[in-house]
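# An overview of the molecular structure
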Amino acid sequence: MAKENLNDLQAFVVVARERSFTRAAAQMGLSRSALSHAMLALEARLGVRLLTRTTRSVSTTQAGARLLDTVAPRLQEIEAELGQLSAMRDKPAGTVRITAHDHAITTVLWPRLLPLLKQYPDVQIEFSVDYAFTDIASHRFDAGVRVGDRVDKDMVAVRISTDLRMAVAASPDYLAGQSIPKKPQDLTAHRCVNLRLPTQGNLYAWDFQKGKKSLNVRVQGQTVFNNTSLMLQAALDGMGFAFVPFDLMQPHIEAGRLVPVLEDWWPTFPGYHLYYANRRQIAPALALVIEALRHRGPERIAATAKR
């Protein structure tokens, strides 16, 4: 098969998995129009319809589903083999695609990978912000980041940070004339800044823990985000309480821009872990990233002094 036909098959796999020309085009660095024309040309060459297009989504026909099941594994094998050939090069090079939470990128990945990028100019790193536990194989990522080390059996998880402590705070302007929450349930009487989870689409229920006691509280407010930094900004702007990692809030608390509450209920979660496919041979660029991110200090964070 001609090279351009193989490229079209790869594009078909991405479109079929993403169920969207827009998302697939963004992932492949193509225009939506170019990708659509490529799929029409592929269908014309094969003489069969592969995709059903509507104004809202794209799905595979019966023939398209069969082609996807047949072609996708073989293309992955080809990519893996090419990766192993690339691994034989003396100098690390190539692109490492990582999907991660914006907080993980800001506080862990970027500070540790910036020196690596300066040391190895032939290595490129692509970051994609996502709050979901992404299937890195189907979305063509080399690695992902999540809280905790629970991953599928064909994946490897490497700790890259200390444990993660969450915090609750609001601005002095918001708290003026308001009662201070004494227990997590009191937050239901306040405005809070919510987080929309990408997997189920529902709002995140805030987790609290005090000793062996744990509970979840569903809060209400005027604002909903899918980005931690924007949630923090909303709290700074007086839109109520926010529930975000303590290290993001700490400088604002120390400067008096935010007032912490319920400190004895703040939960601690397992730290960030990098997960990637369990393969016998890892491309040199990915191996460099793994070693640069590997956490080598104490796993648990130090207890924060009571205010």
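### Topic: the nonpolar core
L109, F208 and F241 are the most contacted members of the largest nonpolar core, which totals 58 residues. If sequence neighbours within four positions are ignored, L109 has contacts with I98, A100, A104, F127, V145, I160 and L293. Residues F12, A16, F21 and L51 belong to the second largest nonpolar core, which totals 22 residues.

### With respect to the packing of helix α5 (residues 102-119) against helix α9 (residues 284-293)
Taken N-terminus to C-terminus, the directions of α5 and α9 make an angle of 125°; their axes are 9 Å apart at the nearest point. By the angle class used here, α5 and α9 are oblique. The crossing of α5 and α9 is right-handed. Residue-level inspection shows V108, L109, R112, L113 and L116 of α5 in contact with α9, the latter providing L288, V289, A292 and L293.

### A word on the environment of T188
Structurally, the position occupied by T188 is in the loop between α6 (172-175) and β8 (191-195). A C-alpha to C-alpha distance of 55 Å links T188 and L42, two positions 146 residues apart in sequence. Setting aside residues no more than four positions away along its own chain, T188 makes contact with V217 and R218. One polar contact links the side chain of T188 to the main-chain carbonyl oxygen of Q185, over a distance of 2.8 Å.

### What to know about the packing of helix α2 (residues 21-28) against helix α3 (residues 32-46)
Running from N to C, α2 and α3 cross one another at 105°; their axes reach a closest spacing of 9 Å. The orientation of α2 relative to α3 falls into the category roughly perpendicular. Across from F21, T22, A24, A25 and M28 in α2, the residues of α3 making contact are R32, L35, S36 and M39. When its residues are assigned to classes, the contact of α2 with α3 shows six nonpolar, two polar and one charged.

### Considering the sheet that holds strand β6 (residues 155-159)
An order of β4-β3-β5-β15-β6 is seen for the five strands of this open sheet, with the pairing classed as mixed. Where the open sheet ends on each side, the last strands, each with one partner, are β4 (123-129) and β6. Between one strand and the next, the sheet's axes are offset by a mean angle of 25°, whatever the strand orientation. α5 contacts β3 (94-100), β4, β5 (143-147) and β15 (272-277) of the sheet and is inclined by roughly 175° relative to β4.

Criteria and cut-off values
- Residues numbered from 1 in each chain as written.
- Predicted model: local features only at pLDDT ≥ 70, side-chain atom pairs only at ≥ 80, totals over all residues.
- Heavy atoms only, no water.
- Core = buried A, V, L, I, M, F, W, Y, C linked by side-chain atoms within 4.5 Å.
- Buried < 20%, exposed > 50% of the residue type's maximum accessible area, 1.4 Å probe, protein only.
- Contact = heavy atoms within 4.5 Å.
- Axes fitted to C-alpha atoms, helices over the stretch in contact; angles between N-to-C directions.
- Helix = DSSP H or I, 4+ residues; strand = E, 2+ residues; numbered from the N terminus.
- Parallel < 35°, antiparallel > 145°, perpendicular 65-115°, else oblique.
- Left-handed = near helix turned anticlockwise from the far one by under 90°.
- Polar contact = N/O pair within 3.5 Å; in protein donor to acceptor, adjacent residues only side chain to side chain.
- Nonpolar A, V, L, I, M, F, W, Y, C, P; charged D, E, K, R; others polar.
- Pairing = 2+ DSSP bridges.

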